[in-house]
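Summary of structural features
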Amino acid sequence: MANDDFVVEMRDIVKTFPGVTANDHINFQLHRGEIHSLLGENGAGKTTLMNVLYGMYRPESGEIRVNGKRVLFDSPQDAIAMRIGMIHQHFMLVPAMNVTENVILGLRSNRVVVDEASAEKRIGDLASSYGLKVEPHSFIWQLSVGEQQRVEILKAVYREAHILILDEPTAVLTPNESKDLFRILRKMKDEGKSIVYISHKLEEVMEISDTITVLRNGKLVANVLKKDTSKVELAKMMVGREVVFTLSKPPTKIGQPVLQVSNLSALNDRKMPALRNVSFDVKGGEILGIAGVSGNGQRELADVLTGRRKVTGGRINVCGTDVTDVTPREIVDLNVGFIPEDRVGVGLIMGLPILNNAIIKKYRDFSKGPLLDYRVASDYAKHIVSEYGVKTPNIAYPTRTLSGGNLQKLILARELARDPTLLVASQPTRGLDVGATEEIRAKLLDERARGRGVLLISEDLDEILSLSDRIAVIFQGEIMGIIDAESAKLEDIGLMMAGSKRMGES
Amino acid sequence: MELVVEKRLLPSRRLSIAAPVLSTLAALLISAVPIYLGGVNPLYGYTQLLRGAVGNKLALTETFVIFAPLLLCGIAVALAFTCKFWNIGAEGQLYCGGLIGSLFAVYATSVPSIIAIPVMMILGFLGGAAWAAWPAILKVKLKVDEVVTTLLGNWVMTYAVAAILFGPWKNPVTGWPESPVISDTTNYPILIEGSRFHLGIIIAMLVALAFYVIIRKTKWGFELLGIGGNQTASYAAGINVSRQIILAAIVSGGIAGLAGIGQVAGIEFHMKTDLSPGFGYTGVVIAMVGALSPIGVVLASFLMAVIVQGTQAMHRATGVPWALAETIQGIILLCLLVGLFFTKYRVKLRMR
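Conventions we followed
- Residues numbered from 1 in each chain as written.
- Chains lettered and ligands numbered in written order.
- Predicted model: local features only at pLDDT ≥ 70, side-chain atom pairs only at ≥ 80, totals over all residues.
- Helix = DSSP H or I, 4+ residues; strand = E, 2+ residues; numbered from the N terminus.
- Rg over C-alpha atoms; globule rule 2.2 N^0.38 Å.
- Buried ≥ 20, exposed ≤ 12 C-beta atoms within 10 Å, placed from the backbone.
- Contact = placed C-beta atoms within 7 Å.
- Domains from an automatic or database assignment.
- Expected span 1.5 Å × (residues − 1).
- Bend = angle between axes of the 7 residues up to and from the residue.
- Pairing = 2+ DSSP bridges.
- Axes fitted to C-alpha atoms, helices over the stretch in contact; angles between N-to-C directions.

**Examining the overall build of chain B**
- From N to C terminus, chain B includes 13 helices and two strands.
- For chain B, the C-alpha radius of gyration of 21 Å lies close to 20 Å, the compact-globule estimate for 352 residues.
- Considering only C-alpha atoms, chain B reaches an extent of 75 × 60 × 35 Å along its principal axes.
- Here chain B, with 352 residues, has 51% of them falling under the buried criterion.
- Put simply, 79% of the contacts in chain B that link residues at least 6 apart link residues at least 24 apart.

Set out below in structure tokens:
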């Protein structure tokens with residue numbers, strides 16, 4: 001039965017989680033020496049399928065063959081023994097150990113004595129042959145995210161992986177680092193290794209793949225060769241309908257500044273400087289995008305602007321009112337809308353009804369004295385829930401019954417229905433499927449068209465580029481420059497994101 | 001084969017009614033074993049239990065006498081737990097309320113009832129509130145864990161009360177470690193002649209009604225539910241989390257304080273070192289069994305009162321050891337908590 005061309009063959013894989021079928025009779029074949037993309041929206045079942053292959057999950061049914069041999073993995077150890085390596089979205093490295101130690105950690109060969117010198121030599125050889133530039137003596141905590149990813153890849157090739165699975169590897173990289181990664185992957189492919197590339201980013205998939213498998217809602221949609229398809233066709237298969245790629249961004253009348261930030265500094269949770277002398281403003285009718293690699297002060301910026309973190313210097317001004325170090329209540333009352341990065345932790349109360357979340361910034365308007373008029377409040381909640389397309393049978397249901405996209409739409413409904421003069425949107429589409437992303441971006445542009453100011457903090461550069469009027473790039477808590485989106489060069493933004501270029505306000 | 005536990009997306013409505021009933025039945029079945037081993041026919045034992053708790057007017061009024069402090073303590077705890085202020089200190093707050101209220105009640109001999117009773121109640125409330133306020137302030141300002149402070153506060157307060165009653169405030173007439181008798185004008189009126197069914201029972205029910213209104217109808221209740229559900233999100237939405245937690249703790253302690261002064265003014269007529277047999281601790285169990293809901297807490301308190309009153313009666317009528325009565329109380333509560341689990345989770349057998 002087995003086809004010798006396939007290094008991996010998965011047939012009829014079924015994997016269910018409570019309430020969802022993550023993989024519904026999926027077939028997947030990986031050829032020797034190809035880069036095979038697994039494309040799909042969040043929750044389509046891509047990572048689950050690869051976790052099944054990697055021995056993390058045991059499927060309810062279906063069979064897996066590796067190199068023609070039927071296998072049944074109990075743990076990733078078994079998969080590694082079959083020369084399969086997987087690089088997860090979240091790296092599994094020990095920060096306090098150096099590169100060599102991390103690479104050889106857990107190997108069976110170093111049971112009694114660890115031969116670090118020869119390991120180091122082999123790591124050096126492997127690194128240079130694949131162009132995986134890392135210093136074997138460096139500690140993990142000293143490395144950038146891109147370098148840490150290289151260590152993960154080194155770990156896999158050191159274990160002689162012939163099959164490499166990468167889960168959304170570019171999510172944490174700058175454009176230039178992504179380019180390096182692609183170069184490495186091509187090199188590995190030329191060496192005869194087979195690579196599974198999990199992604200929901202169409203551009204990347206079109207750039208790197210030989211073959212593309214598309215999943216949607218846990219089902220296999222298509223298996224195509226890159227040369228036979230197009231971005232538009234892939235998007236359609238992924239979402240199940242036509243997708244509009246170009247959002248119209250008509251010119252607007254730029255109004256007064258609604259947010260002015262000057263020389264702002266703040267600390268992160270570990271009491272280290274997270275924001276350094278940040279200054280910018282947002283005017284009515286414009287979207288200011290804050291671009292940057294994750295962890296460069298974006299979270300702290302959003303915290304400070306919404307009254308949830310103290311500043312160590314500088315001032316914040318909303319519509320002429322000084323709001324430096326005020327409580328969230330005062331900022332809410334100034335009609336500032338906020339779409340938090342952490343929807344479940346900061347944005348919503350998952351255990352309470354949808355109703356409570358819909359009115360939590362508005363309930364004081366529905367009260368007479370100490371009493372809250374739940375009848376009026378329910379009418380309001382029903383109204384905004386339907387207006388913003390939150391799909392739920394009943395607003396009395398617990399909020400946790402909503403899907404990811406609907407959770408975000410609920411936040412959007414709550415914030416935008418109050419007609420905010422300033423909207424702080426932090427990673428508004430992260431983790432959402434293409435359909436929900438499209439709707440949410442259109443809503444942000446609507447706000448802009450209505451003369452509201454939007455501060456868009458996003459790690460998705462495509463999003464920043466397609467929505468912003470001006471782009472501020474943040475690196476290690478500093479604004480490296482604020483440039484006009486019209487004339488922005490991707491290369492410049494990439495360099496600023498990496499901290500190697502500064503540009504003035506254009 | 002393996003057992004899989006899954007959280008239900010929505011708590012099962014059918015089960016939330018069936019579970020307590022089935023749990024109670026299961027508990028009675030399990031308890032039948034020790035009763036039988038104790039030399040009593042379980043059916044006879046249970047008949048005596050029911051008769052002793054609700055079998056006649058006097059038994060029923062006595063059940064209500066226990067119901068009142070249990071209900072107040074259950075509500076006190078449930079209110080605090082609603083905003084995740086883990087007040088384990090209702091017992092100490094009960095004693096503090098009883099102490100402060102009786103400090104007035106003992107010397108209020110010339111004050112008419114119409115003034116004396118409300119003043120005594122307010123002082124009882126304030127006493128309990130004060131004993132809950134400091135752990136709340138320590139939690140909000142310094143992040144001191146309130147489970148520790150409220151729990152240890154119980155011991156501090158019960159020993160403080162003992163020190164006062166064994167020392168300066170010993171009953172001068174009898175020499176017992178109890179306060180002088182309180183003024184007649186501060187006694188809660190008896191509402192059913194020939195029984196101990198006193199005003200405090202009605203007050204407890206009114207407090208239960210107020211709890212319902214607070215949780216279901218007021219802004220404050222909305223805020224407390226929000227804080228309990230997700231403190232960070234509530235703060236980000238503009239709710240003054242610290243203030244509401246302190247307020248909830250104060251009201252919670254105050255309600256426990258009402259339970260304390262209720263025991264003094266309705267039953268004991270002295271401040272005593274054994275004012276409560278652990279109502280404050282049972283209140284925690286009642287709040288959990290009642291799933292923090294107003295109606296649930298009322299039902300759980302009544303069930304608890306029936307069990308306490310009924311097992312005492314069974315002990316007297318059949319001669320089963322007193323320890324057995326307490327064992328049965330424990331078994332029933334455990335079964336109820338397990339039943340509650342099944343309304344939220346689903347357990348499945350799965351083939352591997």
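Now that the structure is up, let's keep going.
**Describing the domain arrangement of chain A**
- Taken domain by domain, chain A consists of domain 1 (6-239), domain 2 (244-335 + 422-506) and domain 3 (346-418).
- Computed from C-alpha atoms alone, the centre-to-centre distance between domain 1 of chain A and domain 3 of chain A is 40 Å.

**A closer look at the environment of A:Thr437**
All names here are of chain A.
- Among the structural elements, Thr437 can be located in helix α15 (residues 434-449).
- Taking the C-beta count within 10 Å as the criterion, Thr437 has 23 such neighbours and is therefore assigned buried.
- In the structure, Thr437 is positioned 26 residues away from Glu463 in sequence and 9.6 Å away in space, judged by C-alpha atoms.
- What Thr437 contacts, discounting residues up to four positions off in sequence, is Thr429 and Leu432.

**Looking at helix α1 (residues 13-37) of chain B**
All names here are of chain B.
- Under the 1.5 Å per step criterion, the end-to-end length of α1 is 37 Å for 25 residues, consistent within 8% with the ideal 36 Å.
- Where α1 bends most, at Ala19, the angle is about 30°, and the proline Pro20 comes one to four residues later.
- Taken residue by residue, α1 has Ala19, Pro20, Ser23, Ala27, Ser31 and Ile35 as its buried positions.
- Among the structural elements, α2 (42-54) and α13 (322-344) are those in contact with the buried residues of α1.

**Focus on the sheet that holds strand β11 (residues 257-267) of chain A**
All names here are of chain A.
- An order of β12-β11-β14-β15 is seen for the four strands of this open sheet, with the pairing classed as antiparallel. Sheet topology places β12 (273-283) and β15 (321-322) at the edges, where each strand pairs with a single neighbour.
- Contacts from helix α9 (residues 298-305) reach β11, β12 and β14 (313-318) within the one sheet, and its direction differs from that of β12 by about 60°.

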